[in-house]
Amino acid sequence: MARFYPAHVGDFHGSEGERLAYHALETLGDDYTVFHSYCWLGDGVRTAAQGEADFLVLHPRHGILAIEVKAGGIAYEGGAWQQTNRNTGETKVIYPFQQAENSCRRVIAELRRRMQTTPLVGKAVWFTSVQIPQGKPLPLESPRDIILDADDLRDPKEMLEHIYAYWRRILHIPERTQSPAEFQQVIRVLQPVFRIVETL
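Only a predicted model underlies this, so the values are computations on that prediction, with no experimental measurement involved.

What about helix α3 (residues 157-171)?
Since one α-helical turn is 3.6 residues long, residues separated by three or four positions face the same way.
Then, number 1: Taking 1.5 Å per residue as the helical rise, α3 with its 15 residues ought to reach 21 Å, and the 21 Å between its terminal C-alpha atoms agrees with that figure.
Then, number 2: Within α3, the full set of buried residues consists of M159, L160, I163, Y164, Y166, W167 and R168.
Then, number 3: Against α1 (16-25), β3 (50-59), β4 (63-70), β8 (121-127) and β9 (147-148) lie the buried residues of α3.

A closer look at the pairing of β4
Then, number 1: Within β4, 8 of the 8 residues are buried, which leaves the element mostly enclosed by the surrounding structure.
Then, number 2: With 5 bridges joining them, β3 and β4 adopt antiparallel strand pairing. For L56, the partnering residue across the bridge sits in β4 and is A66.
Then, number 3: Joining the antiparallel neighbours β3 and β4 is a turn of 3 residues.

Quick word on the sheet that holds β4
Then, number 1: Ordered in space as β1-β2-β3-β4-β8-β9, the 6 strands form an open sheet in which the pairing is mixed. At either end of the open sheet lies a strand with only one pairing partner, and these are β1 (3-5) and β9.
Then, number 2: With 3 bridges connecting them, β1 and strand β2 (residues 33-41) associate as parallel partners. Each residue of the ladder has a partner; that of Y5, found in β2, is F35.
Then, number 3: Contacts from helix α4 (residues 180-190) reach β1, β2, β3 and β4 within the one sheet, and its direction differs from that of β3 by about 165°.

Cut-off values and rules
Residues numbered from 1 in each chain as written. Predicted model: local features only at pLDDT ≥ 70, side-chain atom pairs only at ≥ 80, totals over all residues. Heavy atoms only, no water. Helix = DSSP H or I, 4+ residues; strand = E, 2+ residues; numbered from the N terminus. Expected span 1.5 Å × (residues − 1). Buried < 20%, exposed > 50% of the residue type's maximum accessible area, 1.4 Å probe, protein only. Contact = heavy atoms within 4.5 Å. Pairing = 2+ DSSP bridges. Axes fitted to C-alpha atoms, helices over the stretch in contact; angles between N-to-C directions.

Take a look at the structure:
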């Protein structure tokens, strides 16, 4: 099973989509590491001032994916993505691809600042409540190749690997397996461990 940070999850912020995606990612092998609800602060110039990745999925051969999860009814109208809450019927404008992009940029900036060689970092969006047919016309910001949907909740591995391959092709980054030490360094940069002892 994939290794998760934090090791124990809370209430998923009340998001049924996050809960479903979390349990789907649990089916990944132990070569995967998953950060859930990964919060960050940026500089407000090169990166957004603050944000959160619903999931960061790390693999020593494939790289890192920043995944934004959206549940409920999904539509694209008037140049904007819209999400409809199935319980309340409320519809709001959402920016899932931009949110995932912001997380990508922040992760890339930190890895480049702290490491000499960095892995691939790409983005994806997971619409957990709907099916997105192949060949469906989509906005240019959201190719079908980087979208997971309800069908991927059963077994997300194949689609995740497809998304990694998409970003390798687009970014012209060859596949390279990180050594265990390099992979652990990535984890430590993004999720440091420390203890602070009380002063006397």
